[in-house]
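Below are the chains, spelled out letter by letter.
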Amino acid sequence: MEGATSNDAADHPQQRRVRHPVIFVLGATGTGKSALAIDLAVRLRDGNPNNSPMEAQGAGAEGGGGNYNPHVINCDVMQMYRGLPVATNKASDAEMRGIPHHMLGFLGPLEHYTAPQFVAAAAQLIEGICTADADAAILVCGGTHYYQQALMIENSVIEDVGGDGDGDGAASLPPPAASAAASAAASASSLPTLWDQL
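Cut-offs and rules
In this numbering scheme, every chain counts its residues from 1 along its sequence in written order. Only residues with pLDDT of 70 or above have their local features reported here, since the model is predicted, and side-chain atom pairs are shown and tallied only from 80 upward, although totals for entire chains, interfaces and linings are computed over all residues. Only hydrogens and water are set aside; all other atoms, that is, all heavy atoms of the structure, feed into the side-chain values. Note on scores: pLDDT gives the predictor's confidence for each residue, bounded by 0 and 100. Note on definitions: a residue-residue contact is assigned when non-hydrogen atoms from the two residues lie within 4.5 Å. Strand pairing is assigned whenever DSSP identifies at least 2 bridges connecting the two strands. To qualify as a helix, a DSSP run of H or I must reach at least 4 residues; to qualify as a strand, a run of E must reach at least 2; elements of each kind are numbered from the N terminus. Helix axes use the C-alpha atoms of the stretch in contact, all axes being lines fitted to C-alpha atoms, and the angles between their N-to-C directions lie in the range 0 to 180 degrees. The nonpolar core is taken to be a set of buried Ala, Val, Leu, Ile, Met, Phe, Trp, Tyr and Cys residues, with the residues joined through side-chain atoms within 4.5 Å. Only protein chains enter the accessibility calculation, which uses a 1.4 Å probe; a residue whose area is less than 20% of its type maximum is buried, one above 50% is exposed, and one in between is partly exposed.

**Topic: the confidence of the model for the protein**
Per-residue confidence for the protein gives a mean pLDDT of 76; residues scoring 70 or more make up 62%. This stretch, residues 51-64, has a pLDDT under 50; its non-local contacts, to residues over four places away or in other chains, come to 29 contacts. Low pLDDT, under 50, characterises residues 167-174; the predicted model gives this stretch 20 contacts beyond four residues in sequence or across chains.

This is the structure:
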């Protein structure tokens, strides 16, 4: 706060509201990231009876907490593909508890998607949400850490250095037929033969 002293913030915690908090929920597969993000979003929306520091920042003049309109932005590349709700443990509508979720199931099964594409889409989405809603809060949740890092840290994605020109800085995977041929050759070989080839 411009011109505010440290005592001003301590004396009036309700005035320290974060305009648009952006919270990253990170973790390994199967650790409950989605459930945690939804729980945090519900607390941001409805208030927290324990009145945590985040709630103190979001508390209105009455100190009731909440007062944010949270949105969860998916950052799990597998959940971006349509038709994989069970395989990716995508939250059901009931589990989402009325919290808007974005970037889920919008890619076809054969579409290629890169970190730079994610950053551009997520940044545009965040800007649009925050421009349209003064009380928006953003929770970025998922296990594709390269995408999260690219969104958090500007210029952290190396584009097309030794890559194949698609903007992700990595060589393309071999075509499915080549992969199948390599798998068949590996299956036919003994372990010592494969070790020698390495």
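**A few points about the sheet that holds strand β1 (residues 22-25)**
Think of a sheet as strands paired side by side through backbone hydrogen bonds, with each pair either parallel or antiparallel. Strand order in the open sheet made by the four strands is β1-β4-β2-β3, with parallel pairing throughout. Looking at strand neighbours, the two that pair on one side only are β1 and β3 (101-102), the edges of this open sheet. As paired elements, strand β2 (residues 69-74) and β3 share two bridges and run parallel to each other. Across the sheet, Val-72 pairs through a bridge with His-101, a residue of β3. Of the strands in this sheet, β1, β2, β3 and β4 (136-141) touch helix α2 (residues 33-46), which is tilted by about 170 degrees from β4. Relative to β4, helix α5 (residues 115-132) is tilted by about 160 degrees, and along the sheet it contacts β2, β3 and β4.

**Quick notes on the nonpolar core**
Core analysis: the largest hydrophobic core is formed by 21 residues, its most contacted members being Met-80, Tyr-113, Phe-118, Ile-138 and Tyr-147. Elements represented by at least two residues in this core include exactly α5, β4 and α6 (145-152). For this core, the element with the most residues is α5, which contributes six residues. Not counting chain neighbours up to four residues away, the residues in contact with Met-80 comprise Asn-74, Cys-75, Met-103, Leu-104, Gly-105, Phe-106, Leu-107, Tyr-113, Phe-118 and Tyr-147. In this structure, Ile-38, Leu-44, Tyr-68 and Ala-137 belong to the second largest nonpolar core, which totals 14 residues.

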